[in-house]
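# Coordinate inspection notes
Chain by chain, the residues run as shown.
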Amino acid sequence: MPVGGLLPLFNSPAGSGLGGGLGGGLGGGRKGSGPAAFRLTEKFVLLLVFSAFITLCFGAIFFLPDSSKLLSGVLFNSSPALQPPADRKPGPGARAEDAADGRARRGEEGAPGDPAAALEDNLARIRENHERALREAKETLQKLPEEIQRDILMEKEKVAQDQLSNRVGFKMLPPVDLAPLVGAIDGEPADAAIREKREKIKEMMKHAWNNYKRYAWGKNELKPVSKGGHSSSLFGNIQGATIVDALDTLFIMKMKDEFEEAKAWVDENLNFNMNAEVSVFEVNIRFVGGLISAYYLSGEEIFRKKAVELGVKLLPAFHTPSGIPWALLNIKSGIGRNWPWASGGSSILAEFGTLHLEFIHLSYLSGNPIFADKVMNIRTILNNLEKPQGLYPNYLNPNSGQWAQYHVSVGGLGDSFYEYLLKAWLMSDKTDLQAKKMYFDAIKAIETHLIRKSRNGLTYIAEWKGGLLEHKMGHLTCFAGGMFALGADDAPEGLTQHYLQLGAEIARTCHESYNRTFVKLGPEAFRFDGGVEAIATRQNEKYYILRPEVVETYMYMWRLTHDPKYRKWAWEAVEALEKHCRVKGGYSGLRDVYFHKESYDDVQQSFFLAETLKRNK
């Protein structure tokens, strides 16, 4: 589907943008030497042995970790890139979490890190890289010489495309027409009590922003208790996540001075030309998404320029046999890989499925279809794959283009894929019929196989593992209440009210998960088994990291129903944040929402400013 069809609210951009020439063909080939070129069988055997040796050497050079990082990270445990999992938990970003080892998506801090676990994680990464190099060497030895030459030519073509992209990627941007902003602009609520509450939310934003500026300016995030900067390795050496992520909130809240200083920092300091391994998902949702939103709101060209520049840097992540991108990418070398723990090195549904909106817009803003082509290929692969029981498993092998283990979740590892299907349909002015069909087919399967009611009538969304249900629901899953309600108007005939009611039931369950804690803020995950309902039973699920999903659902439910209870519930969350998470240096997450004395995790997440406060506004 052409980009214009996916963004019909915009006029087609004038000019050629990036030139449209990043995806050219190989253009001819070379003759390969076959077995006939050898005169003696012995020479062929010797050549084969020599080739194996050379291939292994090159595999060691290109695929084993950097020796300096290996020495500092494993022997001396000092490299920022190899810190404990608390600082490199896998993403979307956010925004993925592995249920087995309790790792949280979107770079959020969870339970305290374990040095032994960190060392094991580092060693697992080394083993995974080494095994991959050996597999690739073995596969190379099984190929004919002409096949090897063809692969080399393809790699050269990819490198040439990347070099061309880096030269012209953001210097030839076409003019674009910005659509007028929609919604209530410059209006104030008639109700004095509501105006007062809005001002309180704005004061909270100023408290979070001013302390970030005072103690962590230019860093990714703030440590509000120790009053310093915090930088998760999910962003590599890229800095300024809070600045970029919060741009649209600053604009919407009319914090004009703060917006201007953030814009100046982006112009002068936001730099992507570095040797850094980043989470493609996290960098996309926080940086690319933040920059695009700021551009559409303000029209400031610097935001478009930076968004396209970063988008070009992310393109090598798609250089896999299937086109399903790697989770992690070195934005200088273009070398990608997946999380070692992710089902044999698979890509994660919530990560590669949460690129679509930003990449469609990148094609529009750059005038080059390559970004849209990449994510439409993902869509095609997912649409064509056979789905078990109509469900989308969380893991997909980027080499084979096939599902890995059958683990399905609407929370971590899966969540935002479904959200992006619905929003792709809405963003296209309801012309992207493929997205609509995939979304409603998916939620029909989810309702059939995952949604259950507790003994006392709470509706929840369980996780599906090879046909068996785990009766656990994550905080991330709570976004689904708003999603069901948002898509209700376009539901199949007779189901509009059903999906509004389903959204309301999920909202109630998530409110109960908040209400049953001491601090009145919800845990990372809560369970429905052993007589327990909407309560976390495991220590590594009891933390709260300033997440937005519950108040997001309240916001959608209020907008769509105007039932005052959703505003009441949202305000309860505000009061709990003020009472238990506010400190002199900003806002901190909590390690245990059931404990009567606050134990802070000392991280003010960028999405607290970008999402949680904005959705309470």
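Rules used throughout
- Residues numbered from 1 in each chain as written.
- Predicted model: local features only at pLDDT ≥ 70, side-chain atom pairs only at ≥ 80, totals over all residues.
- Heavy atoms only, no water.
- Helix = DSSP H or I, 4+ residues; strand = E, 2+ residues; numbered from the N terminus.
- Buried < 20%, exposed > 50% of the residue type's maximum accessible area, 1.4 Å probe, protein only.
- Areas by Shrake-Rupley, 256 points an atom, 1.4 Å probe, with all protein chains shown as cover.
- Disulfide = S-S within 2.5 Å.
- Axes fitted to C-alpha atoms, helices over the stretch in contact; angles between N-to-C directions.
- Parallel < 35°, antiparallel > 145°, perpendicular 65-115°, else oblique.
- Left-handed = near helix turned anticlockwise from the far one by under 90°.
- Contact = heavy atoms within 4.5 Å.
- Nonpolar A, V, L, I, M, F, W, Y, C, P; charged D, E, K, R; others polar.
- 1 Å grid on protein atoms, 1.4 Å probe; cavity = no way out; pocket = protein on both sides within 12 Å on 5 of 7 lines; lining within 4 Å.
- Points joined across faces, edges and corners; volume = space filled by probe spheres on them.
- Expected span 1.5 Å × (residues − 1).
- Phe/Tyr/Trp six-rings, centres within 6.5 Å; stacked < 30°, edge-to-face > 60°.
- Pairing = 2+ DSSP bridges.
- Lys, Arg positive; Asp, Glu negative; His and termini not counted.
- Salt bridge = Lys/Arg side-chain N within 4 Å of Asp/Glu carboxyl O.
- UniProt positions renumbered as here; feature names shortened; annotations may be inferred.
- pLDDT = per-residue confidence, 0-100.

## Some words on the overall build of the protein chain
The number of helices and strands found in the protein chain is 21 helices and 16 strands. Sorting the 617 residues of the protein chain into buried and exposed places 54% on the buried side. Working note: accessible area of the protein chain is about 26300 Å², and carbon and sulfur atoms make up 54% of it.

## Some remarks on unusual backbone geometry
Positive phi values are uncommon outside glycine, yet K227 reaches one of about 60°. Structurally, K227 can be placed in the loop between β1 (221-223) and β2 (228-230). Despite not being glycine, K430 shows a phi value in the positive range, around 65°. For K430, the position within the fold is in the loop between α15 (415-427) and α16 (433-449).

## Notes on the state of the cysteines
Tallied over the full model, the rule gives 1 disulfide. Here C478 connects covalently by a disulfide to C510, the sulfurs 2.0 Å from one another. Taking the torsion about the S-S bond as the criterion, the C478 to C510 disulfide, at about -100°, is left-handed. One end of the pair, C478, is in the loop between β13 (472-474) and α17 (479-486); the other, C510, is in helix α18 (residues 496-515), and 32 residues separate them in sequence. By relative accessible area, C478 is classed as buried at 0%. Assessed through its relative accessible area of 3%, C510 is described here as buried.

## Regarding the packing of helix α19 (residues 549-561) against helix α20 (residues 564-581)
Two elements in contact, α19 and α20, have axes separated by 8 Å at closest approach and are oriented at 155°. For the element pair α19 / α20, the angle class is roughly antiparallel. Note on packing geometry: the crossing formed by α19 with α20 is left-handed. Touching V551, Y554, M557, W558 and T561 of α19 are P564, Y566, R567, W569, A570 and A573, all from α20. Its residues assigned to classes, the contact of α19 with α20 comprises 9 nonpolar, 1 polar and 1 charged.

## Quick notes on empty space enclosed by the protein
The computed volume of the largest cavity comes to approximately 110 Å³. The wall of the largest cavity is formed by 13 residues, among which G353, H356, I378, R379 and F417 lie closest to the centre. Residue assignment for the lining of the largest cavity shows that the elements contributing at least two residues are α14 (370-384) and α15. Of the residues in the lining of the largest cavity, the class split is 9 nonpolar, 3 polar and 1 charged.

## Topic: α14
For α14, with 15 residues, the first-to-last C-alpha span of 21 Å sits near the 21 Å given by 1.5 Å per residue. For α14, the set of buried residues is I370, F371, A372, V375, M376, I378, R379, I381 and L382.

## Quick look at the packing of aromatic side chains
If you walk through the whole model with that rule in mind, you get 23 aromatic pairs. On the numbers, 5.6 Å between centres and 55° between planes, the contact of F318 with F359 is tilted. Of the two residues, F318 sits in the loop between α11 (301-314) and β4 (328-330) while F359 sits in helix α13 (residues 356-366), which places them 41 residues apart along the sequence. In this pair, the class of F318 matches that of F359, namely buried. Plain terms: the ring middles of Y392 and W403 are 6.2 Å apart, the flat faces sit at 90° to each other, and that makes the pair edge-to-face. Placement of Y392 in the loop between α14 and β7 (395-396) and of W403 in the loop between β7 and β8 (407-408) is noted, with a sequence separation of 11 residues between them. On the accessibility criterion, W403 (12% relative accessible area) is buried. Site record: aromatic cluster; members linked through ring pairs are Y392, W403, F417 and Y418.

## Notes on the sheet that holds strand β11 (residues 463-465)
The strand order β8-β11-β12 describes an open sheet built from 3 strands, whose pairing is antiparallel. Each edge of the sheet is formed by a strand with only one pairing partner; in this case those strands are β8 and β12 (468-470). Of the pairings in the sheet, the one linking β8 to β11 comprises 2 bridges and is antiparallel in character. Bridge pairing in β11 places H407 opposite K465.

## What to know about the side chain of E258
Note that E258 resides in helix α9 (residues 256-269). The buried charged residue E258 lacks any salt bridge partner; its closest oppositely charged side chain belongs to K206, at an N-O distance of 5.3 Å. Apart from the residues within four sequence positions on either side, E258 is in contact with K206, W209 and L250.

## Remarks on the UniProt feature "active site" (unreviewed entry) in the protein chain
Residues annotated by UniProt as "active site" (unreviewed entry) correspond here to E282, D415, E524 and E549. Structurally, the position occupied by E282 is in helix α10 (residues 280-298). Within the secondary structure, E524 is located in the loop between α18 and β14 (525-527). The class for E524 is buried, based on a relative accessible area of 4%.

## Focus: the confidence of the model for the protein chain
Scored by pLDDT, the protein chain has a mean of 84; 74% of the residues are at 70 or more. A low-confidence stretch, residues 9-38 stays under pLDDT 50, and its non-local contacts, those more than four residues away or across chains, total 58 contacts. Every residue in residues 60-112 scores below 50 in pLDDT, and together they form 174 contacts with partners more than four places removed in sequence or on other chains.

## Observations regarding the sheet that holds strand β5 (residues 336-337)
Spatially, the 3 strands line up as an open sheet ordered β3-β4-β5, and their pairing is antiparallel. The open sheet is flanked by β3 (277-279) and β5, the only strands paired with a single partner. Pairing between β4 and β5: 2 bridges, direction antiparallel. The residue of β5 that forms the bridge with L329 is G336. Against the sheet, α10 touches β3 and β4, its axis set at about 65° to β3.

## Observations concerning the pattern of salt bridges
In total, this model carries 26 salt bridges according to the counting rule given. For E419, the salt bridge identified is with K423, shortest N-O distance 2.7 Å. Here E419 pairs with K423, and both are found in helix α15, just 4 residues apart, close to one helical turn. A salt bridge links E524 to R547; its shortest N-O distance comes to 2.7 Å. Pair noted here: E524 is in the loop between α18 and β14 and R547 is in the loop between β14 and α19, with a separation of 23 residues, a long-range link. Where salt bridges share partners, they join K200, E203, E578 and R582 into one cluster.

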